[in-house]
Amino acid sequence: MTATTSKSQRAYDHLHERIERGVYGPGYRLVLDAIARDLDMSVVPVREALRRLEAEGVVTFERNVGARVTEIDPDDLHETTETLAMVEGAAIGLAVPSLTEADVAEARRLNEQMRESLAAFDPVRLTRLNEAFHRTLTDPCPNEQLKGLVDDGWRRLARLRQSTFGFVPGRAHDSVEEHERILRLLEAGAPAHDVELAVRDHRLASLHAYLDRAGDDAHATESH
């Protein structure tokens, strides 16, 4: 690994972490020279890092403006999350007969880690624990094609928006409580259809929280 490659990776990690945490929100202008100064390096590795983020759809380049954190397309986000809510709910519903006590216990352990993380409020950690919780419940689904659609939904969602918890801090607490409801249904042996609907409602609640916050920010910007 060359020195430039190592610096490029450091710049990439720095930018990705701040975007994921919501420090650099949608539309934030990423000034090449300023970032390079902050990281005590030349603009070359920073430019390489920004191009990597552009390839991932996280950053866009505008003529005469430069790099910005990609704006959120509300329609695309809505359709992607709505689709994921349907396929993930169905996948977990189908997984119910295959879920073991150990699977549910692992999901509960992850949710308790989320609960314990609320005070320190690390949105990146919360986001990763959240995905691990969901994956624990979808992995036992016997329908591989359906699980593939869930995977596609997660990947597409990651490209469309950063951490909901970083953008809407209050959402983390609600998410933990919604997870608790899903866990109680599973532990009580509730019908698979009830579990599926609870998962779907949980996913859509995150969407509505995100879009409501984005709408509030847009109105605030217009008023200035």
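Predicted model, so just to flag it, every value in this text is computed and none were measured.

A. Local environment of the pattern of salt bridges. As enumerated under the stated definition, the model contains 18 salt bridges in all. Across the pair Glu112 and Arg115 runs a salt bridge, and its minimum N-O distance is 3.5 Å. Here Glu112 and its partner Arg115 are both found in helix α5 (residues 101–117), three residues apart, which amounts to about one turn of the helix. Residues Glu196 and Arg200 are paired through a salt bridge, measuring 2.8 Å at the closest nitrogen-oxygen approach. Taken together, the positions of Glu196 and Arg200, both in helix α10 (residues 192–223) and four residues apart, correspond to about one turn of that helix.

B. Region of interest: helix α3 (residues 43–55). Between the first and last C-alpha of α3 there are 18 Å, a value that for 13 residues agrees with the 18 Å anticipated at 1.5 Å per step. Listed in full, the buried residues belonging to α3 are Pro45, Val46, Ala49, Leu50 and Leu53. Within α3, the buried residues cover an arc of 140° as seen down the axis, which keeps them to one side. Sitting at the head of α3, Ser42 places a side-chain oxygen 3.4 Å from the backbone nitrogen of Val44.

C. How the structure looks around the nonpolar core. In this structure, Leu77, Phe133, Leu137, Val150, Ile182, Leu186 and Val195 are the most contacted members of the largest nonpolar core, which totals 33 residues. At the level of elements, α4 (74–95), α5, α6 (123–138), α7 (144–160), α9 (171–187) and α10 are the ones that each hand at least two residues to this core. With residues near it in sequence (within four places) discarded, Leu137 still touches Ile92, Ala95, Leu99, Ala107, Ile182 and Leu186. Formed by 18 residues, the second largest nonpolar core is a distinct cluster that contains Leu30, Met41, Leu50 and Val59.

D. Quick peek at the sheet that holds strand β1 (residues 29–30). Spatial ordering of the open sheet is given by β1-β3-β2, a layout of three strands whose pairing is antiparallel. In the strand order of this sheet, the two ends are held by β1 and β2 (59–62), each with one partner. Across the sheet, α3 lies against β1, β2 and β3 (66–69), angled at about 110° from β2, the strand it touches most.

E. Focus on the pairing of β2. Sheet analysis places β2 next to β3, joined by four bridges and oriented antiparallel. Its bridge partner being in β3, Glu62 is matched across the sheet by Gly66. The antiparallel hairpin formed by β2 and β3 contains three residues in its connecting segment, where Asn64 sits at a positive phi of about 65°.

Conventions used here
Residues numbered from 1 in each chain as written. Predicted model: local features only at pLDDT ≥ 70, side-chain atom pairs only at ≥ 80, totals over all residues. Heavy atoms only, no water. Salt bridge = Lys/Arg side-chain N within 4 Å of Asp/Glu carboxyl O. Helix = DSSP H or I, 4+ residues; strand = E, 2+ residues; numbered from the N terminus. Expected span 1.5 Å × (residues − 1). Buried < 20%, exposed > 50% of the residue type's maximum accessible area, 1.4 Å probe, protein only. Arc of directions from axis to C-beta. Polar contact = N/O pair within 3.5 Å; in protein donor to acceptor, adjacent residues only side chain to side chain. Core = buried A, V, L, I, M, F, W, Y, C linked by side-chain atoms within 4.5 Å. Contact = heavy atoms within 4.5 Å. Pairing = 2+ DSSP bridges. Axes fitted to C-alpha atoms, helices over the stretch in contact; angles between N-to-C directions.

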